[in-house]
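For reference, the chains in residue letters:
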Amino acid sequence: MLDINLIRIQPDIVRQALLNRNEDTHNLDAILQLDVQRREALKQSEQLRALRNTVSKEIGKMKDATQREAKIAEMRRVGDQITVLDAELRKVETQLDALTATLPNIPDPRIPVGPSEESNVILRTVGEPRQFGFQPKPHWELGTALGLLDFERGVKLSGTRFYVLNGLGARLQRALIAWMLDLHTFQGYREEYLPFMVKQQILFASGQLPKFKDNLYHDAEEDFWMVPTAEVPLTNLHGGEILKVDDLPLHYCAYTPCFRREKMKAGSDVRGIKRGHQFDKVEMYKFCTPETSNEEHEKMLADAEAVLKGLGLVYRVKLLCTGDIGFSARITYDLEAWAPGCGEWLEVSSVSNCGDFQARRANIRYRPEAGAKPEYVHTLNGSGLALPRTMIAVMENYQRADGSIEIPEVLRQFIGTDVIVGKDELRRQ
RNA sequence: GGAAAGGUGGCCGAGUGGUUUAAGGCGACGGUCUUGAAAACCGUUGUGGGUCUUGUGCUCACCGUGAGUUCGAAUCUCACCCUUUCCGCCA
């Protein structure tokens with residue numbers, strides 16, 4: 001949520017931000033007008049309330065019955081006026097809030113301006129793609145041959161784009177989760193186990209609602225919404241709180257499944273486990289002061305990169321442009337891992353600084369010093385990492401000519417083997 | 001799911017329609033005293049909005065949430081949420 005004072009005083013900044021994001025600006029003019037109406041109605045209503053408050057107190061002390069009745073009648077009329085004004089005020093406020101809630105965050109001036117992903121900038125590529133002495137296979141071939149992946153049974157259970165991980169396939173994912181959480185804990189993030197279903201308000205605060213309702217799953221009868229990312233419950237962990245400045249920055253990490261209703265383009269990403277309605281992710285999250293958020297953002301990027309480095313994967317770092325960053329973000333780095341089998345750079349992480357945008361929606365503040373007014377914290381989130389795509393990168397990069405898959409060093413103690421050779425070995429496990 | 005009791009400031013806790021402008025206490029902060037500290041004493045104390053004469057300013061709202069009754073609601077009515085205890089069910 002943007003500060004209404006900012007919108008009022010510097011509407012041009014907001015207008016330019018919308019244009020840079022390739023979004024239209026007509027809501028902005030409506031907001032400015034509603035804001036004027038709101039303050040006018042509020043002023044009138046409050047003046048009448050002030051009058052009623054003082055007169056009502058006098059009524060309580062009045063002895064003269066006639067005089068008393070006259071004042072009561074007068075205040076009854078004032079009350080009626082207040083009722084009318086308040087109804088008007090509520091209407092205006094509802095409209096104003098609805099429109100303000102649709103305004104995205106203002107992009108950081110450091111990011112490239114551009115209407116679409118074409119304008120994203122690749123900052124660096126880390127590592128050299130491995131040279132294979134054979135044609136590397138895509139993970140769906142490797143996985144099914146080794147008995148790690150079962151697409152048919154996934155479809156049987158839940159339909160297209162669902163899959164089952166078998167045996168060491170499931171175990172590889174669990175090993176990745178356990179190792180990543182341990183790594184992040186070592187990096188200073190506290191591990192949290194969170195609800196996977198949350199209330200509607202929680203999704204509003206992190207910025208998914210109202211705009212992206214179509215991408216969410218929810219219970220038809222109860223106010224339960226399936227989380228699309230751990231960022232949602234993590235943002236709201238401290239919702240409505242005034243944090244102690246000495247406790248900042250707060251670092252959290254969490255493993256959750258993620259549920260996303262996505263309109264999948266027919267024919268794209270159909271094969272394999274790259275994109276589905278359900279996937280697992282380990283997430284990092286920070287609450288910090290405005291002064292440190294840029295620095296914390298860079299550190300979080302390094303923490304996400306450490307996961308890729310630990311796994312020995314080749315990746316590149318992308319700085320997203322104004323047209324491609326998320327609704328709540330001011331600046332976002334994407335990390336893309338190289339997958340030689342399917343020949344793609346796979347987005348495995350997105351590391352964003354949301355500034356005070358989510359903190360306003362979730363009302364998360366801190367007191368800079370004793371006695372000072374509370375101010376909004378900054379919030380940051382980053383994947384560390386998304387599991388299916390990390391699985392793809394590991395499987396495809398560590399495959400050998402005979403179709404077996406070597407296990408990255410760091411995962412061996414979690415999975416209990418150095419190599420996945422095939423179904424026969426699976427049975428012996 | 002059933003029954004009962006509850007929900008008031010950072011915390012405890014009083015408050016059943018009008019000196020409540022939410023008592024009192026604890027804590028915290030500031031001051032006096034002290035070589036220093038403690039104690040004692042004095043003072044201060046939440047959040048958000050509006051407004052201008054930017055002030056120790058004025059004003060509105062906030063006692064779980066939302067409606068309602070009333071000239072006036074923490075207080076009365078209704079609905080809902082949450083907590084605690086007991087019963088039932090359950091991995």
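Since we're looking at a predicted model, the values are computed, not measured. (Residues numbered from 1 in each chain as written. Chains lettered and ligands numbered in written order. Predicted model: local features only at pLDDT ≥ 70, side-chain atom pairs only at ≥ 80, totals over all residues. Heavy atoms only, no water.)

## Details of the overall build of chain A
To keep things clear, this is the line we draw: Strands here are runs of E lasting at least two residues and helices are runs of H or I lasting at least four, both read from the DSSP assignment and numbered beginning at the N terminus. Working definition: with a 1.4 Å probe on protein chains only, accessible area under 20% of the residue-type maximum means buried, over 50% means exposed, and in between means partly exposed. The contact rule is simple, with two residues in contact once any of their heavy atoms fall within 4.5 Å. When charges are counted, Lys and Arg are positive and Asp and Glu negative, with His and the chain ends excluded. Charge positions come from single atoms, namely NZ of Lys, CZ of Arg, CG of Asp or CD of Glu.
Scanning chain A for helices and strands turns up 14 helices and 17 strands. Per-residue burial over chain A gives 49% buried out of 429 residues. In chain A, of all internal contacts separated by at least 6 residues, the share reaching a separation of at least 24 is 74%. The average position of the 56 basic charges and that of the 61 acidic charges among the side chains of chain A differ by 3 Å.

## A short note on helix α3 (residues 26–61)
Applied cut-off: For a helix, the expected span equals 1.5 Å multiplied by the residue count minus one.
Taking 1.5 Å per residue, 36 residues should reach 52 Å; α3 reaches 54 Å between its end C-alpha atoms and fits that length. Inspection of α3 places Leu28, Ile31, Leu34, Asp35, Ala41, Ser45, Leu48, Val55 and Ile59 among the buried residues, and these make up the whole buried set. Contact partners of the buried residues in α3: α1 (4–9), α2 (11–20) and α4 (65–100).

## Details of the state of the cysteines
For the record, the criterion: Any cysteine sulfur atom paired with another within 2.5 Å is treated as part of a disulfide.
Tallied over the full model, the rule gives zero disulfides. Left without a disulfide partner, Cys288 is nearest to the cysteine sulfur of Cys354, which lies 11 Å away. Note on Cys288: relative accessible area 0%, which makes it buried.

## Remarks on a negative patch on the surface
Which entries qualify depends on this criterion: Each patch is built from salt-bridge-free residues with over 30% relative accessible area, joining like charges within 9 Å and nonpolar side chains (Val, Leu, Ile, Met, Phe, Trp, Tyr) within 5 Å. Throughout, the Shrake-Rupley method with a 1.4 Å probe supplies accessible areas, and for residues the shown protein chains are the sole cover considered. One speaks of a salt bridge when a side-chain nitrogen belonging to Lys or Arg is within 4 Å of a carboxyl oxygen belonging to Asp or Glu.
Taken together, the side chains of Asp219, Glu221, Glu222 and Asp223 define an acidic patch exposed on the protein surface. Owing to a relative accessible area of 47%, Glu222 belongs among the partly exposed residues under this scheme.

## Comments concerning the packing of aromatic side chains
The geometry of an aromatic ring pair is captured by the separation of the ring centres together with the interplanar angle, meaning the angle of the planes. Where we set the bar: Planes of paired rings set the category: under 30 degrees apart is stacked, over 60 is edge-to-face and the rest tilted, where pairs are Phe, Tyr or Trp rings (Trp by its six-membered ring) whose centres lie within 6.5 Å. Two thresholds decide whether a charge sits over a ring: the Lys NZ or Arg CZ must be within 6 Å of the ring centre and within 35 degrees of the ring normal.
Inspection of the entire model under this criterion finds eight aromatic pairs. Taking the centre distance of 5.8 Å and the plane angle of 75° together, the rings of Phe212 and Phe327 count as edge-to-face. Remark: Phe327 occurs in the loop between β10 (315–319) and β11 (331–339) and Phe212 occurs in the loop between α8 (200–206) and β6 (225–226); sequence separation between them is 115 residues. Look at Phe212 and you get partly exposed, because its relative accessible area is 32%. An aromatic cluster is defined as three or more aromatic residues linked by ring pairs; in this entry it consists of Phe212, Phe327 and Phe357. If you follow Arg361 out to its NZ or CZ, it ends over the ring of Phe204, 4.2 Å from the centre.

## A few points about the side chain of Ser349
Note the following rule: For this analysis, a polar contact is any N or O atom pair within 3.5 Å, provided that within protein one partner can donate a hydrogen and the other can accept it, and provided that sequence-adjacent residues contribute only side-chain to side-chain pairs.
Here Ser349 is to be found in strand β12 (residues 344–353). Exposure remark for Ser349: the relative accessible area of 1% places this residue in the buried category. Within the local environment of Ser349, its side chain forms a polar contact with the backbone oxygen of Ser383, the two atoms lying 2.6 Å apart. The residues contacting Ser349, other than those within four sequence positions of it, are Ala304, Tyr333, Asp334, Leu335, Ser383 and Leu385.

## A word on the domain arrangement of chain A
Rules: These domain limits were set by an automatic method or by a database of domain assignments.
Per the domain assignment, the segments making up chain A are domain 1 (4–100) and domain 2 (117–427). For domain 1 and domain 2, the distance between their C-alpha centres works out to 44 Å.

## Quick word on the packing of helix α7 (residues 168–186) against helix α12 (residues 387–397)
Quick reminder of the rule: Angles shown run from 0 to 180 degrees and are taken between the N-to-C directions of axes, each axis being a line fitted to C-alpha atoms and, for helices, limited to the stretch in contact. For classification purposes, an angle smaller than 35 degrees is called roughly parallel, one larger than 145 roughly antiparallel, one from 65 to 115 roughly perpendicular, and anything else oblique. Residue polarity is assigned by list, with Asp, Glu, Lys and Arg as charged and Ala, Val, Leu, Ile, Met, Phe, Trp, Tyr, Cys and Pro as nonpolar; anything else, Gly included, falls into the polar class.
Closest axis-to-axis distance for the α7/α12 pair is 10 Å, and the angle between their directions is 110°. Classified by the interaxial angle, the pair formed by α7 and α12 is roughly perpendicular. Here Gly169, Leu172, Gln173, Leu176, Ile177 and Met180 of α7 lie close against α12, whose contacting residues are Leu387, Thr390, Met391 and Met395. Of the residues that constitute the contact of α7 with α12, the class distribution is seven nonpolar, three polar and no charged.

## Regarding the pairing of β11
Selection rule: Strands pair, by our definition, only if DSSP identifies at least two bridges between them.
Within β11, nine of the nine residues are buried, which leaves it mostly tucked inside the rest of the structure. Here β11 shows no split at all, with Ile331, Tyr333, Leu335, Ala337 and Ala339 on one side and Thr332, Asp334, Glu336 and Trp338 on the other all buried. Two elements, β11 and β12, share nine bridges in a ladder whose sense is antiparallel. Within the sheet, the bridge partner assigned to Glu336 lies in β12 and is Glu347.

## Some words on the sheet that holds strand β7 (residues 242–244)
A sheet is described by the order of its strands in space; here three strands give the open sequence β7-β13-β14, paired in mixed fashion. Among the strands making up the open sheet, the edge pair consists of β7 and β14 (375–376).

## Let's talk about the protein's contact with RNA strand B
In plain terms, the rule: Here, proximity means that at least one heavy atom of the residue falls within 4 Å of the molecule or strand.
Contacts to RNA strand B come from 19 residues, most closely from Glu46, Ser56, Arg76, Arg365 and Arg367. Note that a base nitrogen of RNA strand B is positioned 2.5 Å from one of the backbone N or O atoms of Ser56. In this structure, Arg365 approaches RNA strand B through a side-chain N or O atom, which is 2.6 Å from a phosphate oxygen. Elements with a minimum of two residues in the surface near RNA strand B: α3, α4 and β13 (365–367). Ranked by residue count, the leading element in the surface near RNA strand B is α3, at eleven residues.

## Comments concerning the environment of Leu123
You can see Leu123 is positioned in strand β1 (residues 121–126). The class of Leu123 is partly exposed, set by a relative accessible area of 40%. Counting along the chain gives 86 residues from Leu123 to Gln37, while the straight-line C-alpha distance between them is 47 Å. For Leu123, the contacting residues outside a window of four places in its chain are Val317, Leu319 and Tyr333.

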